[in-house]
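For reference, the chains in residue letters:
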Amino acid sequence: MTDELMERFFKGECSAEEREWIAHYFREHPAEWDKYLAGQDWEHFTYTGKLQPARSEKMLHTIQRATYRKRAVVRTIKRVAVAAVVVLVIGLGWLYMNTSRKAEQATASEQTAAVTEISYTLQRRMNTTSKPLSMTLQDGSMVTLEPGSVLKFYEPFVKSGRRMVYLEGQAYFSVAKDSTTPFMVNSDGITTTALGTSFTIQAIEQEPVISVRLHTGKVVIKPADSLGRRMKEPVYLKPGHVLVYNKTTMLVTVKAADSKLAKAPGKAMVPNWYMFSNQPLDQVFQQLEELYGVQINYAKDALKDMYFIGRFEKTDSLETIMRDIALLNKLTLTKEGNTYTLTKQRH
C-alpha cells in the first residue's frame, strides 16, 4: 500500500482491480484508515464516482454487521457491569453482616468478661457485745445477732442468683421480699431458704441440735450437703412451728408453737433499730406482733397490695409506730388493752 495508490483511490482514478485490492486490504487492516484518513484529508476529499449496486450493498452489509457486533459488545459489557454491581452489593452485604456479627460477638464477650470480673468480698460480722446486735444487709433484710454469734456473707450480696449467708450461733432474720432471688441461711448441717419472711435460727457449735422457728411466711429446710445426711426430703415449716435437727443422729423433728426452742425475739429482744424494706403490710404486722408480744387484728383483704418501707428506733413506742403506719396507708387504728385493730377508712 503506497501513498500514490491511496491518492489515486480517493480521486477515483483506480482500476476495478485496484479498488478491489484496496477494499480487501482495509478489511484485513481496519486500523489503517486512521493513517490515510486524517482530518485534513476528509476536508479536501470529494468523491465523484458511484459504486456498483452489488458492491455498495456488500459494503453496507459489512458496516451493519460491524455495528451490530459493537452493540452486542456494549450490551455484554452492560450485563457484566450489572452482574458485577450485584456481586459487589452482595459482597458488601455479607461483609457488613459478618462484621456486625463479629462486633456483636465481641460486645457479648466484653460483657461476659465484665460479668466475670466482678469481685466478691467475704464479710464477717460478730456480735462481741452482751446485747443483741442488729444489722441490715444490702437487699434490705434485717438480721439480729445474739451475743457471740457470727454471720458471714459476700458483697455484692446477690451471687449466682441467690442471697446466701452463713450463721454460727443464733440470729433472727426478717427477709426482704424478692421472689426471683431466694434468701438462704447455711447453718452447720442444714440450709434454710426463704423468699420474704421472718424466722429464727439457733446453730451454736457446742449444742447438739440446730433449731429453726418460723414466725411469718414460708421456709423450706434442706441438708447443706447430701453426704451422710438422713434428712432425705425437704421440710416445709408453717408459721409458729419449730424444726429441730440433731447433729449427731442427723434426724429431724418438727414441734408445735408451744416449744421453748428458738423463741422469736420478745419485748426484751427488740433491737436498737430495725427496718422494713417494701414488705407487705400483713408481714409487717406479724413481725411487730413477734417483736412486741401484742395482738394486731386486721382484715387481709383490706391490706391487699399495701407495702411498707420504714426504719424505727428502739426508743419508738409501738403505738407511735402503729399510728404512723395507719396514717400512711389510710387505715383507722383502735387500741384496747394489748390489742390493736386496723380497719380501712370509709371515704
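Refer to the preceding data block for the structure.
Residues numbered from 1 in each chain as written. Predicted model: local features only at pLDDT ≥ 70, side-chain atom pairs only at ≥ 80, totals over all residues. Heavy atoms only, no water.

A. The arrangement of the packing of aromatic side chains in detail. Counting across every chain of the model gives 7 aromatic pairs. Three or more aromatic residues joined by ring pairs form one cluster here, namely Phe153, Phe157, Phe173, Phe183 and Phe199. Over the aromatic face of Tyr154 sits the side chain of Lys159, whose NZ or CZ is 4.1 Å from the ring centroid. (Phe/Tyr/Trp six-rings, centres within 6.5 Å; stacked < 30°, edge-to-face > 60°. Lys NZ or Arg CZ within 6 Å of the ring centre and 35° of its normal.)

B. The pairing of strand β3 (residues 142–145), seen in detail. Side-chain alternation along β3 places Met142 and Thr144 on one buried face and Val143 and Leu145 on a second face that is also buried. Both strand β2 (residues 133–136) and β3 contribute to a ladder of 4 bridges, which runs antiparallel. Following the sheet pairing, Ser134 is matched in β3 by Thr144. The antiparallel hairpin formed by β2 and β3 contains 5 residues in its connecting segment, where Gly140 sits at a positive phi of about 95°. In this sheet, strand β5 (residues 162–174) lies alongside β3 in antiparallel orientation, the contact comprising 4 bridges. Within β5, the position partnered with Leu145 by the bridge is Ala171. (Buried < 20%, exposed > 50% of the residue type's maximum accessible area, 1.4 Å probe, protein only. Helix = DSSP H or I, 4+ residues; strand = E, 2+ residues; numbered from the N terminus. Pairing = 2+ DSSP bridges.)

C. Layout of the packing of helix α1 (residues 3–11) against helix α2 (residues 16–28). Two elements in contact, α1 and α2, have axes separated by 11 Å at closest approach and are oriented at 110°. Taken as axis vectors, α1 and α2 run roughly perpendicular relative to one another. Residue-level contacts link Leu5, Met6, Arg8 and Phe9 of α1 to Glu18, Arg19, Trp21, Ile22 and Phe26 of α2. Taken together, the residues of the contact of α1 with α2 sort by class into 6 nonpolar, no polar and 3 charged. (Axes fitted to C-alpha atoms, helices over the stretch in contact; angles between N-to-C directions. Parallel < 35°, antiparallel > 145°, perpendicular 65-115°, else oblique. Contact = heavy atoms within 4.5 Å. Nonpolar A, V, L, I, M, F, W, Y, C, P; charged D, E, K, R; others polar.)

D. Structural detail: the side chain of Arg163. Its location among the elements puts Arg163 in strand β5. At a separation of 3.0 Å, a polar atom in the side chain of Arg163 contacts the main-chain carbonyl oxygen of Ala176. (Polar contact = N/O pair within 3.5 Å; in protein donor to acceptor, adjacent residues only side chain to side chain.)

E. Molecular detail of the packing of helix α6 (residues 281–292) against helix α7 (residues 318–328). Close contact between α6 and α7 brings their axes to 12 Å; oriented N to C, the two are set at 175°. Comparing the axis directions of α6 and α7 gives the class roughly antiparallel. Here α6 contributes Leu281, Val284, Phe285, Leu288 and Tyr292 to the contact with α7, which in turn contributes Leu318, Ile321, Met322 and Ile325. Within the contact of α6 with α7, the residues separate by chemical class into 9 nonpolar, no polar and no charged.

F. Quick peek at unusual backbone geometry. Cis geometry marks the peptide bond from Glu155 to Pro156, where omega comes out at 0°. Relative to the assigned elements, Pro156 resides in strand β4 (residues 150–159). One non-glycine residue with positive phi stands out, namely Asp188, at about 60°. Note on placement: Asp188 falls in the loop between β6 (183–187) and β7 (190–194). At Lys330, a position not held by glycine, the phi torsion is positive, near 55°. Take Lys330: it is sitting in the loop between α7 and β17 (331–336).

G. Inspection of the nonpolar core at higher detail. Core analysis: the largest hydrophobic core is formed by 28 residues, its most contacted members being Leu151, Val165, Phe173 and Phe199. At 4 residues, β5 tops the list of elements feeding residues into this core. Those residues in contact with Phe199 that lie beyond four places of it in its chain are Ala171, Tyr172, Phe173, Val175, Val185, Thr192, Ala194, Arg213, Leu214, His215 and Val219. Counting residues in each nonpolar core, the second largest holds 22 residues, with Leu281, Leu288, Ala326 and Leu331 among its members. (Core = buried A, V, L, I, M, F, W, Y, C linked by side-chain atoms within 4.5 Å.)

H. A look at the side chain of Thr192. Looking at the secondary structure, you find Thr192 in strand β7. Apart from the residues lying within four places of it in its own chain, the contact partners of Thr192 are Phe183, Met184, Val185, Phe199, Ile201, Val212, Val219, Val220 and Ile221.

I. Focus on the sheet that holds strand β18 (residues 339–344). Across the sheet, 3 strands lie side by side as β15-β18-β17; this open sheet has mixed pairing. Strands at the two margins of the open sheet, each flanked by one partner only, are β15 (295–297) and β17. Across the sheet, the mean angle from the axis of one strand to that of its neighbour is 20°, orientation sign disregarded. Running over the sheet, α6 touches β15, β17 and β18 and is turned about 155° from β15.

J. Spotlight on the pairing of β4. Where strand β1 (residues 121–126) meets β4, 6 bridges bridge the pair, whose relative direction is antiparallel. Note that in β4 the partner of Met126 across the bridge is Val150. Pairing analysis gives 6 bridges linking β4 to β5, with the strands arranged antiparallel. Bridging from a neighbouring strand, Lys152 pairs with Tyr166 of β5. The turn linking β4 back onto β5 is made up of 2 residues, and Ser160 within it adopts a positive phi angle of 55°.

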